[in-house]
Amino acid sequence: MNARTLNRRLLGSRLVDSLVGPHGIDRYLELIRPTLTVFDARARVVAVEHQTERTVTLTIDPNGAFTGFRAGQFVKVGVEIDGVRRTRTYSPTISEYDVRLLELTITVREGGVVGSYLRSHARPGMTLHLSDAAGSFVMPAERPDRVALVSGGSGVTPVIAMLRTLVSEGYTGQIDFIHYGRRAADWLYKPAVEAIASAHPNVRVRYVATREGGERFSAGTLSRDAQVFVCGPPELIDAVRLEHPDAVAETFTPPTLDVSDEAASGTVRFLRSDVSREIAPGTLLEQAEASGLSPEHGCRMGICHGCTCTKQAGAVKNVLTGEVSAEEYEEIRICISVPVGDVALQL
Ligand SMILES: Cc1cc2nc3c(=O)[nH]c(=O)nc-3n(C[C@H](O)[C@H](O)[C@H](O)COP(=O)(O)OP(=O)(O)OC[C@H]3O[C@@H](n4cnc5c(N)ncnc54)[C@H](O)[C@@H]3O)c2cc1C
């Protein structure tokens, strides 16, 4: 064990943490260097690259509190913007065996806060907050005999991690990699993927520009016996699942939640902000935003738990499951919850 690891172990012991007082040791260590923390996972940006006009690729150096990930999973990344920490979910794009430096590729969405900020402000030396990795978009431990990795737009990130992981394992089965972008200028990772394919004859690559005459996914695009992993917009996933019903899929696009007939009457109270409003159609996140609040959130689809907050009182309905819950002091995800009557949130 080297001196650095030993120091980390000592500083990271719960005994030392409790001896330094109520704030814990990380609050002191971060004063020396923001990424010196032993419990809070953080990373320092070490390189910034722009693969396309609408993206930024960050190479980041995570501290010892980051515990790794499985290819395809996501990490919640916190960025300080004008004094407020905004958290979004991003999928690391490196092999899961190679976590000394992580790589993230972030696409700018119209009107999006964090993507636009990172595209124009990310610089070496910037500090990012990381969560543990999570998510079920992963390959089975026993690898399938034949794999197809299909992506659309920004959805390339988790499948790049899968490709790099399979290659670093020495996987010998056939890998078909297909990426759809609107235009050739939007394609991501083409030189890196082609370099892999030229060194590994079992990897076949296709890049398709759908708005420049490229053929969309259809019957016959892939062999039927491949295990397909697809990440992209819902239309791409639907097209793939028509041909490959057991495809493992993930999308970054929040669904349009049908909350039109969910509106109840009553009041939503945001207790910490001292704001109240009459219930309107929409999720509690949308109702908070319509009241001028900016609650922490990530995926807007119930995956990342970034918007979890305490409901002090009242009943809410989970619009994904239809389940109604009326417990007091209950943790709810406000991006997928609608009020059923009066509700009080610790927000
Ligand atoms: C599992 C998972 C993995 C992901 N991995 C990646 C990745 O590797 N790379 C990547 O680029 N992205 C990834 N994403 C998406 C990413 O987490 C963000 O959602 C995305 O980058 C948008 O964040 P933003 O802050 O730029 O935009 P936001 O500010 O969150 O806005 C997103 C969209 O919502 C709209 N919007 C914002 N506020 C409101 C409002 N008040 N009312 C209505 N609409 C609003 C905006 O106009 C915009 O179109 C992933 C998402 C998931 C769920």
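Residues numbered from 1 in each chain as written. Predicted model: local features only at pLDDT ≥ 70, side-chain atom pairs only at ≥ 80, totals over all residues.

A.B. asks: I tried to follow the sheet that holds strand 11 (residues 248-250) on my own but got confused; where do I start?
C.D. replies: Either a parallel or an antiparallel arrangement is found when strands of a sheet pair, and the pairing is made through backbone hydrogen bonds. Spatial ordering of the open sheet is given by 9-8-7-10-11, a layout of five strands whose pairing is parallel. Looking at the sheet topology across the chains shown, the edges are occupied by strand 9 (203-209) and strand 11. Within the sheet, the average angular offset between the axes of one strand and its neighbour, ignoring direction, is 10 degrees. Pairing of strand 8 (residues 174-181) with strand 9, which is carried by seven bridges, proceeds in the parallel orientation. Bridge pairing in strand 9 links Ile 175 to Val 203. Sitting on the sheet, helix 5 (residues 156-169) touches strand 7 (146-152), strand 8, strand 10 (227-231) and strand 11, and the angle it makes with strand 7 is about 155 degrees. Its contacts with the sheet place helix 6 (residues 190-199) against strand 8 and strand 9, and it is angled at close to 155 degrees to strand 9. (Pairing = 2+ DSSP bridges. Helix = DSSP H or I, 4+ residues; strand = E, 2+ residues; numbered from the N terminus. Axes fitted to C-alpha atoms, helices over the stretch in contact; angles between N-to-C directions. Contact = placed C-beta atoms within 7 Å.)

A.B. asks: What's the story with the domain arrangement of the chain in this structure? I'm lost.
C.D. replies: One widely used convention gives an interface's size as the accessible area the parts lose upon coming together. Looking at the chain, the domain boundaries give domain 1 (3-130), domain 2 (146-250) and domain 3 (260-345). Placing the centre of domain 2 and that of domain 3 at their C-alpha centroids yields a distance of 37 Å. (Domains from an automatic or database assignment.)

A.B. asks: Where do I start with the site of the ligand in this structure?
C.D. replies: Close to the ligand lie 24 residues, the nearest being Gly 111, Gly 112, Val 114, Gly 115 and Thr 157. Put simply, the parts of the chain that give the shell around the ligand at least two residues each are strand 4 (84-90), strand 5 (102-107) and helix 4 (113-121). Within the shell around the ligand, the residues separate by chemical class into nine nonpolar, eleven polar and four charged. Two domains each provide a minimum of three residues to the shell around the ligand, namely domain 1 (3-130) and domain 3 (260-345). (Near = placed C-beta within 6 Å. Nonpolar A, V, L, I, M, F, W, Y, C, P; charged D, E, K, R; others polar.)

A.B. asks: I keep staring at the sheet that holds strand 5 and nothing clicks. Help me out?
C.D. replies: With antiparallel pairing, the six strands of this open sheet are ordered in space as 4-3-6-1-2-5. Since the sheet does not close on itself, it has two edges, and those belong to strand 4 and strand 5, each with one partner. Here the strands of the sheet are splayed against their neighbours by 40 degrees on average, with no regard to which way each runs. Relative to strand 2 (residues 55-62), strand 1 (residues 42-49) is paired through six bridges, and the arrangement is antiparallel. Looking across to strand 2, one finds that Arg 44 is bridged to Asp 61.

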